[in-house]
Amino acid sequence: MPSGQTSAPTPVTEAGTVSTGKPARRFDPHRFGPVVGLVLLLIVGTALNPDFATWDNMMNVLTRTAFIGIISIGMCFVIISGGIDLSVGSMAALIAGGMILLMNALAGSVGSPVVVVALGMLFALLLGGGFGLAHGYLVTRGRIEPFIVTLGTLGIFRAVLTWLADGGAITLDNGLSDAYGPVYYGSLLGIPVPVWVFLVVSVAGAVLLNRTAFGRYVQAIGSNEQVARFAAVDVDRVKLLTYGLLGVCVGIATVLYVPRLGSASPTTGLLWELEAIAAVIVGGTSFKGGEGRIAGTVIGAVLLSVISNILNLTSIISVYLNAAVQGCVIIAVAFLQRRRP
Amino acid sequence: MSEVARYSRRLVLGAGVAMAATVALGAGLGGVAFAADTVKLGVSIPAATHGFTGGIVWWANQAKAELEKAHPNLKITVKTASGAPEQANQLQDLVTVTKIDSLVIFPFESAALTQPVLQAKKKNVYVTVVDRGLTDPSAQDAYIAGDNTAFGRIPAEYIAKNYNGKANIVALRGIPTTLDNERWEAFTGVLKQYPDIKILDGKYANWNRDDAFKVTQDFLTRFKDIDVVWAADDDMAFGVLKAIEQAKRTDIKEVFGGAGSKTMVKTILDGSNPLIHADVSYSPKFIYDAIKMTAEARLKGDKLPATYIIPSALITKENAKEFYFPDSPY
């Protein structure tokens, strides 16, 4: 197990790379609240259990953060534009179930398991994008509040999955599991594949938000939709795309999730929506929209999984109080990054 | 649209009339204690949200199909609820609309459903409570449950015997509930007698594969020498096995699940995983047994024993066949 030691600050450096993609505005100490929170947690974790700061543990934590992290980046765009998506966890579960069923069905007719897995992944991304665009369409053309649209689909997606799974689990065929396994368990240059994907999605998200017209439109719509409309921004189209983008992110997260356990069950992705939203907000994005940070979101997501990791690695606090500790840390970090009124 | 509405209204009216007729007939035939000619049995269970409840729903419908075929004068209505308030509402509907005379209920929560069940019992409904006891036992006529103490005791005794009273154990727990506490206390209670058996820690993984995976990863980081993982549930055992496989740990000799799910029993039967040797039964089939016992007793006008505990048994390669139900989803 002990194959590395000095990797405690890894997530920070990684997120730091992302934040260089942001234009330097005037210095605001509150912007660094999440980083400060994370660094403090890393120190506490190392002090409580020396195994915390090992390379293997860090990679475990980052790998399991990848799902929520990737979804959070899509969620960040939706929240900045003034929207919300409550359905992401259920959506991930349904995509997972759908792609497993498809791959199992294809395994008979298509010879190569690699091709089957590739088709399954493509299907997951298309399905995610499709679900996202459907949300966007209902929100923009249907003029329904995003909270209601996605609350509705939250129930629909999970119920359909439960029905498909007959209340049990949908399991990937063994042969396919072996071909698909490396997507979660494999690593490149010592870093697991999901962490690489998380990194790429983060950088792409930061560039898209801060360096493109689309990113500026998203922020403009979130800060004042009417003004954006008068400024000839195609508000409906931009909003539609933010939901589509989030859907694709959920698809990517699911593609990484399925090879982990090779199954989807009604508990898959349970409460992911709350974790993703919490990561975005803890990371310094305004819940009211208009302003947000990809780097902060990444740190927020890492922070949330570090808390539960530390709790698992120690037993100083009664297990009954785990959720309370998580709650306190979230509130404390949010306080550190509060903005002036 | 309107045609459908009209049709369904007619259907509802028709059903209502038919129901009223049956009730009149039933009432005409007299008191509760006599053998009833028709029995209307309501079954109220949690909706299929994970493997175990999926099994509950499957076995309940299995019981309905078999028993209604065997007894033409038996009518079983199965309702699934996704929370205690919804279950209480359905219970009211079963009593006032469906006019059941017998009830088999698997309560979501003991405290929240005691009063609604008591109300049903006051209307002369014969009540069999399954799995979770009510806070006021006078609200039930019979209580049928799996053996949660044995669920914890059997794996503990098994580990103590097979590891000659010396082992390092990490444990997963379910969701903080009395049921989980009973199992945990039974497990730790037995192992207290063996000073050389250490329970390194026990953490909640919510009867959920993903959480079990994460908690196990962290246990593996934290403890370098583990002999047995008590996963305490077959779903959780699945996540545990994946985490061990990923970490390539060779010190762990055994993963002990719980409940006797189809895939786990098959694994034991085939000996296909070197870490899986045994399991303890806690099958969702007890809902089938409860419905069958209640329906047959009611048709004869009998009563059930006040408490009936369905024993949990150790499943090993030798007896695994008896616990293997390939058609059940769980």
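Residues numbered from 1 in each chain as written. Chains lettered and ligands numbered in written order. Predicted model: local features only at pLDDT ≥ 70, side-chain atom pairs only at ≥ 80, totals over all residues. Heavy atoms only, no water.

### A look at the overall build of chain B
Then step 1. The secondary structure content of chain B amounts to 10 helices and 12 strands.
Then step 2. Per-residue burial for chain B yields a buried fraction of 53% across its 330 residues.
Then step 3. Counting only contacts in chain B whose residues sit at least 6 apart along the sequence, the fraction spanning at least 24 positions is 72%.
Then step 4. By element, 56% of the accessible surface of chain B is carried by carbon and sulfur atoms, the whole surface being about 14700 Å². (Helix = DSSP H or I, 4+ residues; strand = E, 2+ residues; numbered from the N terminus. Buried < 20%, exposed > 50% of the residue type's maximum accessible area, 1.4 Å probe, protein only. Contact = heavy atoms within 4.5 Å. Areas by Shrake-Rupley, 256 points an atom, 1.4 Å probe, with all protein chains shown as cover.)

### A short note on the packing of aromatic side chains
Then step 1. Counted according to the given criterion, the structure contains 18 aromatic pairs over all chains.
Then step 2. Where Tyr320(A) meets Tyr204(B), the ring centres are 5.9 Å apart and the plane angle is 50°; that geometry is what we call tilted. Residue Tyr320(A) is found in the loop between helix 14 (294-313) and helix 15 (322-336), and its partner Tyr204(B) is found in strand 7 (residues 197-204); the two belong to separate chains.
Then step 3. Under the relative-accessibility criterion, Tyr204(B) is labelled buried at 13%.
Then step 4. Note on Trp59(B) and Phe325(B): the rings are 5.2 Å apart at their centroids and 85° apart in plane angle, and the pair reads as edge-to-face. Here Trp59(B), found in helix 2 (residues 51-70), pairs with Phe325(B), found in the segment after strand 12 (314-315); they are 266 residues apart in sequence, far enough to count as distant.
Then step 5. Feature note: the residues Phe67(A), Tyr184(A), Tyr185(A), Tyr257(A), Trp272(A) and Phe213(B) constitute an aromatic cluster, connected by ring pairs. (Phe/Tyr/Trp six-rings, centres within 6.5 Å; stacked < 30°, edge-to-face > 60°.)

### Topic: the sheet that holds strand 7 of chain B
Residues and elements named next belong to chain B.
Then step 1. With parallel pairing, 4 strands are arranged side by side in an open sheet as 7-6-8-9. The outermost strands of the open sheet, each flanked by one partner alone, are strand 7 and strand 9 (254-256). Each adjacent strand pair in this sheet contributes to an overall mean axis angle of 20°, direction not counted.
Then step 2. Here strand 6 (residues 167-173) pairs with strand 8 (residues 228-230) via 3 bridges, running parallel. Each residue of the ladder has a partner; that of Val-170, found in strand 8, is Val-229.
Then step 3. Contacts from helix 6 (residues 178-191) reach strand 6, strand 7 and strand 8 within the one sheet, and its direction differs from that of strand 7 by about 170°.
Then step 4. Set on the sheet, helix 8 (residues 234-247) makes contact with strand 6, strand 8 and strand 9; between it and strand 9 the angle comes to about 160°. (Pairing = 2+ DSSP bridges. Axes fitted to C-alpha atoms, helices over the stretch in contact; angles between N-to-C directions.)

### Quick look at the UniProt feature "transmembrane region" (unreviewed entry) in chain A
Then step 1. Mapped onto the present numbering, the UniProt feature "transmembrane region" (unreviewed entry) falls at residues 32-49, 61-80, 87-107, 113-134, 146-165, 185-209, 240-258 and 317-336 of chain A.
Then step 2. From the first C-alpha to the last, residues 113-134 of chain A spans 31 Å; its make-up is 100% helix and 0% strand. (UniProt positions renumbered as here; feature names shortened; annotations may be inferred.)

### Some thoughts on the pattern of salt bridges
Then step 1. Applying the stated criterion across every chain yields a total of 18 salt bridges over all chains.
Then step 2. The salt bridge involving Arg64(A) is made with Asp218(B); its shortest N-O contact spans 2.8 Å. A residue pair is termed interchain when its members come from two chains, as with Arg64(A) in helix 3 (residues 55-80) and Asp218(B) in helix 7 (residues 209-222). Asp218(B) carries the same exposure label as Arg64(A), and that label is buried.
Then step 3. Its salt-bridge partner being Lys121(B), residue Asp141(B) comes within 3.9 Å of it at the nearest N-O pair. With Asp141(B) in the loop between strand 4 (126-130) and strand 5 (142-146) and Lys121(B) in helix 4 (residues 110-122), this residue pair connects regions lying 20 residues apart in the sequence.
Then step 4. Relative accessible area serves as the criterion here: at 25%, Asp141(B) is assigned to the partly exposed category.
Then step 5. A residue is classified by how much of its surface remains accessible, and Lys121(B), at 26% relative accessible area, is partly exposed.
Then step 6. Linked through salt bridges whose partners overlap, the residues forming this network are Glu225(A), Arg229(A) and Lys239(A). (Salt bridge = Lys/Arg side-chain N within 4 Å of Asp/Glu carboxyl O.)

### Things to note about the interface of chain A and chain B
Then step 1. Across the boundary between the two partners, chain A contributes 30 residues, which contact 30 residues of chain B.
Then step 2. Carbon and sulfur atoms make up 52% of the surface buried where chain A meets chain B, a total of about 2700 Å² over both sides.
Then step 3. Our enumeration of links across chain A and chain B arrives at 2 salt bridges.
Then step 4. Our count for the contact surface shared by chain A and chain B stands at 13 residue pairs in polar contact (both at pLDDT 80 or more).
Then step 5. Ranked by the residues each element gives to the side of chain A that touches chain B, the list is headed by helix 14 of chain A, at 5 residues.
Then step 6. Its residues assigned to classes, the side of chain A that touches chain B shows 11 nonpolar, 15 polar and 4 charged. (Buried area = accessible area lost by both parts, 1.4 Å probe. Polar contact = N/O pair within 3.5 Å; in protein donor to acceptor, adjacent residues only side chain to side chain. Nonpolar A, V, L, I, M, F, W, Y, C, P; charged D, E, K, R; others polar.)

### Here we look at a nonpolar patch on the surface
All names here are of chain A.
Then step 1. On the surface, Phe-32, Val-36, Val-39, Leu-40, Ile-43 and Leu-336 cluster together into a nonpolar patch covering about 490 Å² of accessible area.
Then step 2. Counting residues per element, the nonpolar patch draws most heavily on helix 2 (residues 33-48), at 4 residues.
Then step 3. As for its position among the elements, Phe-32 is in the loop between helix 1 (10-19) and helix 2. (Patch = residues over 30% accessible without salt bridge, like charges linked within 9 Å, V, L, I, M, F, W, Y side chains within 5 Å.)

### Concerning unusual backbone geometry
Excluding glycine, most residues fall at negative phi; most peptide bonds, likewise, are trans.
Then step 1. Positive phi, normally seen in glycine, also occurs at Arg143(A), with a value near 55°.
Then step 2. Note on placement: Arg143(A) falls in the loop between helix 5 (113-140) and helix 6 (146-164).
Then step 3. By relative accessible area, which is 59% here, Arg143(A) ends up exposed.
Then step 4. The phi dihedral of Ala259(B) falls on the positive side, at around 110°, and the residue is not glycine.
Then step 5. When you line up the elements, Ala259(B) lands in the loop between strand 9 and helix 9 (262-270).

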